Amino acid sequence: MPEKKYTVVFEPDNVAIDVFNEGENLLRVAIVAGVHINASCGGAGTCGKCKIKLLEGEVDSERSSKLSDEQWDEGFKLACRTNIKSDLRVEIPIESRHEKGVLTRQGAGQVDHVISQAKWGAEYENVAPEPIVAKYYVEMSPPSEDDNISDMARVGQALKRDYDIPKVTADLTILKDLSTLLRQEDWKATISVCRFKEPSRILKVEPGDTREKALILAVDVGTTTIHAKLLDAMTGKELAFSADYNAQMSMGEDVISRMVNAAKKGGLETLQKRVVKTINTVIDEVFEKAGGDRENLTHMVFGGNTTMTQLLLGLNPKYIREAPYVPVANLYTTLTASQLGVAVPDHVSAYIMPCVASYVGGDITAGVLATEIHLKQELTLFMDVGTNGEIIIGNKDWMVSASASAGPAFEGGGVKFGMRASFGAIEQVRVSPMDYEPMIMTIGQVKPKGICGSGMIDCIAELQMSGVISQNGKFNRELAEETWRVREGEGGWEYVLCRAEDTQLDEDLAITEPDIDNLMRTKASIYSACAVLLKSVGLQFSDLEKIIIAGGFGQFIDVEKAMTIGLLPEADPEIVEYGGNTSLEGCRLASLYRDKVEEAEVIGSMITNIELSTSNMYMDEYVAALFLPHTRLEEFPIRVKRLEEMHEAVAKGKLES
Ligand code: FES
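Thresholds applied
Residues numbered from 1 in each chain as written. Predicted model: local features only at pLDDT ≥ 70, side-chain atom pairs only at ≥ 80, totals over all residues. Heavy atoms only, no water. Helix = DSSP H or I, 4+ residues; strand = E, 2+ residues; numbered from the N terminus. Rg over C-alpha atoms; globule rule 2.2 N^0.38 Å. Buried < 20%, exposed > 50% of the residue type's maximum accessible area, 1.4 Å probe, protein only. Contact = heavy atoms within 4.5 Å. Areas by Shrake-Rupley, 256 points an atom, 1.4 Å probe, with all protein chains shown as cover. Lys, Arg positive; Asp, Glu negative; His and termini not counted. Charge placed at Lys NZ, Arg CZ, Asp CG, Glu CD. Salt bridge = Lys/Arg side-chain N within 4 Å of Asp/Glu carboxyl O. Expected span 1.5 Å × (residues − 1). Bend = angle between axes of the 7 residues up to and from the residue. Core = buried A, V, L, I, M, F, W, Y, C linked by side-chain atoms within 4.5 Å. Axes fitted to C-alpha atoms, helices over the stretch in contact; angles between N-to-C directions. Left-handed = near helix turned anticlockwise from the far one by under 90°. Nonpolar A, V, L, I, M, F, W, Y, C, P; charged D, E, K, R; others polar. Phe/Tyr/Trp six-rings, centres within 6.5 Å; stacked < 30°, edge-to-face > 60°. Arc of directions from axis to C-beta. Pairing = 2+ DSSP bridges. Disulfide = S-S within 2.5 Å.

Topic: the overall build of the protein chain
Stage number 1. Secondary structure summary: the protein chain contains 16 helices and 29 strands in total.
Stage number 2. By the compact-globule yardstick of 26 Å for 657 residues, the protein chain fits well, its C-alpha radius of gyration being 28 Å.
Stage number 3. Across its three principal directions, the C-alpha atoms of the protein chain cover 105 × 60 × 45 Å.
Stage number 4. Across the 657 residues that make up the protein chain, the buried fraction comes to 60%.
Stage number 5. Considering only contacts in the protein chain between residues 6 or more positions apart, those separated by 24 or more positions represent 68%.
Stage number 6. Taken as a whole, the protein chain presents about 26400 Å² of accessible surface, with 48% of it coming from carbon and sulfur.
Stage number 7. When the 68 basic and 99 acidic side-chain charges of the protein chain are each reduced to a single mean position, those positions are 3 Å apart.

Structure representation (structure tokens):
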């Protein structure tokens, strides 16, 4: 747990919470504390509902037209436009609170359910890179009558003498210019050597010492987004980062539709060109940001799921999709990036992270490499939830994997107002169990235009906790008499999160029953995949010592809420970590350290993949998980107890009000 910075006390209920980050937003703190403040515009500062009164302490607050001069002078602020600068005592005025009395939530005063992002590869921070392609500076004596070995042999001798490189080869393109280049700077030259598998290969020869000019690119080839980091090969320092949506998106949002399109005439070529187009865009951007010359690039490392890997390489993914689900290859030799159409010089080599199976790819191998599951004793569950759900369970001795056909619900797919986690996406939701009013927060604190995966998890957990939906995800129709927010819309029953005027849309933003169904199917498929994997090795959820959630969606996930809906198994929230983009991090490590490439290949061979579609257990587990949190309530004793307590407290609160 990081060091406490400040304490905020919310009055009149005297709810205290410790704050760990300087400048934390007050509305976000209230959400974490379980304190309800009306908030309808996602923190954009436009609805004016989140008024609080500052009683003690110092804040950084934006002046708002929603507050009169008199109110401002009296200490009123908008919670969403206020950042914390000291210990605080604030009062929530009656107009910002529940209409029907007060109810302090479970969780107030603690922040243990806020997930922290783990930092990977920290032990490598001060270790000088030793990449698979590196520049070696050599000084050679010129040939003489007594020493007239070939130029290539002379280079080989110098590399063995100075760097212990036993044997090197070079192809014709290198040999063509070798003699001229060596003599250009009086037999002083820098040789780029690829040391991936013996014999090592010379990729480039430059006159003089150019070792300080060496760059590397690590690229995560995601189904939705492509991320790239430009790195200094000498220091390992990150020089620039860039990301862009994969241009293949217009040919299908998930890998299945990409494969369908690849099977059409010219489809494979188009998909290959599109992914390369996006890679070239992100490369342009990193060079624009960092400066530098792409001539100085030595190599690139790519990590992607198996379908994305094959599409990048122009390999037909047809048999990935058809039983018995076979990829073309799991291990690839190094090739040159320009061969794929990547806009870099011809000498730049490309390493592809090894895949495991048709639906467990190089992104997962990279993820394991980054999180070091393969080096640790503790039993770890690793889940990368994107457009597909890929799961690894294991430790340093063994690992099993599976792919859950999760569907893109957490990335906004199949949800009426679903969107990816970008500006304007509702990422946090609280629903008052007293009057069913929501409290929402968007990414970027702008007016909402949709809801992302973490927002959906929050929303469904909150609707369940406040009794708006039942265990099977259906709306409590009777509530329509108590609140306008529960209503029968054109597409069936729904809960209105925001009125159109509080959004960037021209209609009300609502969560519908089909949205909830979709998310329940997704969470059931992930949970049941984990259950089957554990059972297949004779273990159970309580044996897990660590849970790592990777992928963009995990960034703002509330662990408590994910357990409440049964996406995550019930466990101590302390063992849950957010992994971030572990695929990119694994590619970064492999691009900087030769031994990490070797480790990645060992990881690939260590993992045993279990094909869920042929598992008898899977369908039973899946059906059992299609409830909130699960049909086997005994697997979620704490959440079930909290739910009962909440419903009791609400009934009592309503009775008293
Ligand atoms: Fe703060 Fe709307 S003004 S949430």
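Describing the pattern of salt bridges
Stage number 1. All told, the structure shown has 41 salt bridges when counted by the stated rule.
Stage number 2. For the salt bridge of Asp-397 with Lys-396, the shortest nitrogen-to-oxygen distance reads 3.3 Å.
Stage number 3. Using a relative accessible area of 36% as the deciding quantity, one classes Lys-396 as partly exposed.
Stage number 4. For the salt bridge of Asp-508 with Arg-487, the shortest nitrogen-to-oxygen distance reads 3.0 Å. With a gap of 21 residues between them, Asp-508 in the loop between strand S25 (492-498) and strand S26 (509-512) and Arg-487 in strand S24 (residues 486-489) connect regions that are remote in the sequence.
Stage number 5. Of the residues examined, Asp-508 reaches a relative accessible area of 16% and is grouped as buried.

Comments concerning helix H4 (residues 172-184)
Stage number 1. With 13 residues, H4 ought to run about 18 Å at 1.5 Å a step, and its terminal C-alpha atoms sit 19 Å apart, in line with that.
Stage number 2. Largest kink in H4: about 50°, centred on Leu-178.
Stage number 3. All of the buried residues in H4 are Ile-174, Leu-178, Leu-181 and Leu-182.
Stage number 4. In this structure, the buried side of H4 is in contact with helix H3 (151-163), strand S9 (168-170), strand S10 (188-194) and strand S11 (200-207).
Stage number 5. Residue Asp-186 follows H4 closely and has a positive phi angle near 60°.

Notes on the nonpolar core
Stage number 1. In terms of nonpolar packing, the biggest core is built from 69 residues, with Ile-391 and Leu-497 touching the most fellow members.
Stage number 2. At twelve residues, helix H11 (residues 513-536) tops the list of elements feeding residues into this core.
Stage number 3. Discounting residues that sit within four places of it in the chain, Leu-497 has contacts with Ile-426, Val-429, Pro-438, Ile-440, Ile-451, Cys-459, Arg-485, Leu-509, Ala-510 and Ile-511.
Stage number 4. Phe-196, Leu-231, Leu-589 and Ile-603 belong to the second largest nonpolar core, which has 36 residues in total.

Regarding the packing of helix H9 (residues 362-371) against helix H14 (residues 594-606)
Stage number 1. Where H9 contacts H14, the axes come no closer than 9 Å and their chain directions differ by 115°. In this structure, the crossing between H9 and H14 has a hand that is right-handed. In this structure, H9 uses Thr-365, Val-368 and Leu-369 to contact H14, whose residues at the interface are Lys-596, Glu-599, Ala-600, Ile-603 and Gly-604.
Stage number 2. A per-class count over the contact of H9 with H14 returns four nonpolar, two polar and two charged.

Considering the packing of aromatic side chains
Stage number 1. Applying the stated criterion across every chain yields a total of six aromatic pairs.
Stage number 2. Taken together, a centroid distance of 5.1 Å and an interplanar angle of 65° make the contact between Phe-196 and Tyr-351 edge-to-face. Of this pair, Phe-196 sits in the loop between S10 and S11 while Tyr-351 sits in strand S17 (residues 349-352), and the two are 155 residues apart along the sequence. The burial state of Phe-196 is the same as that of Tyr-351; both residues are buried.
Stage number 3. Plain terms: the ring middles of Tyr-527 and Phe-636 are 5.7 Å apart, the flat faces sit at 40° to each other, and that makes the pair tilted. Pair noted here: Tyr-527 is in helix H11 and Phe-636 is in the loop between helix H15 (616-624) and helix H16 (637-656), with a separation of 109 residues, a long-range link.
Stage number 4. Exposure remark for Tyr-527: the relative accessible area of 1% places this residue in the buried category.

Let's talk about H15
Stage number 1. Tyr-618, Glu-621, Tyr-622 and Ala-624 are the residues of H15 that are buried. Viewed along the axis of H15, the buried residues span an arc of 160°, placing them on a single side of the element. Residues Asn-616 and Asp-620 are exposed on H15 and point more than 90 degrees away from its buried face.
Stage number 2. Packed against the buried residues of H15 are H11.

Section: unusual backbone geometry
As a rule of thumb, non-glycine residues mostly have phi less than zero, and peptide bonds are mostly trans rather than cis.
Stage number 1. Residue Pro-12 follows Glu-11 across a cis peptide bond; omega there is 15°.
Stage number 2. With respect to the helices, strands and loops of the structure, Pro-12 is situated in the loop between strand S1 (6-11) and strand S2 (15-19).
Stage number 3. A cis amide bond, omega -10°, links Leu-628 with the succeeding residue Pro-629.
Stage number 4. As for its placement among the helices and strands, Pro-629 is situated in the loop between H15 and H16.
Stage number 5. Unlike most non-glycine residues, Asp-164 shows phi in positive territory, near 60°.

Details of the sheet that holds S1
Stage number 1. Pairing is mixed in the open sheet, where five strands are placed in the order S2-S1-S7-S3-S5. Looking along the sheet, the strands with just one partner apiece sit at the ends: S2 and strand S5 (76-78). Each adjacent strand pair in this sheet contributes to an overall mean axis angle of 35°, direction not counted.
Stage number 2. Pairing between S1 and strand S7 (residues 88-91): four bridges, direction parallel. Bridge pairing in S7 links Val-9 to Arg-89.
Stage number 3. Sheet strands touched by helix H1 (residues 26-33): S1, S2, strand S3 (51-56) and S7. Its angle to S1, the strand with the most contacts, is close to 75°.

What about the pairing of S1?
Stage number 1. With six of six residues buried, S1 lies mostly within the body of the structure.
Stage number 2. Of the two faces of S1, the one holding Tyr-6, Val-8 and Phe-10 and the one holding Thr-7, Val-9 and Glu-11 are both buried throughout.
Stage number 3. Here S1 folds back onto S2 in antiparallel fashion, the turn holding three residues, of which Asn-14 has a positive phi close to 55°.

Remarks on the sheet that holds strand S12 (residues 215-221)
Stage number 1. Strand order in the open sheet formed by six strands is S14-S13-S12-S15-S17-S16, with mixed pairing between adjacent strands. At either margin of the open sheet sits one strand with a lone partner, and together these are strand S14 (238-245) and strand S16 (335-336).
Stage number 2. Here strand S15 (residues 297-304) runs beside S17; their pairing, made up of four bridges, is parallel. Following the sheet pairing, His-299 is matched in S17 by Ser-349.
Stage number 3. Running over the sheet, helix H6 (residues 267-290) touches S12, strand S13 (225-232), S14 and S15 and is turned about 145° from S14.
Stage number 4. The sheet contacts of helix H13 (residues 582-592) involve S12, S13, S14 and S15, and relative to S12 the element is tilted by about 150°.

A short note on the state of the cysteines
Simply put, disulfide is the name for a covalent bond between the sulfur atoms of two cysteines.
Stage number 1. Applying the stated criterion to the full structure yields zero disulfides.
Stage number 2. No disulfide involves Cys-498; its nearest neighbouring cysteine sulfur is the one of Cys-41, lying 8.7 Å away.

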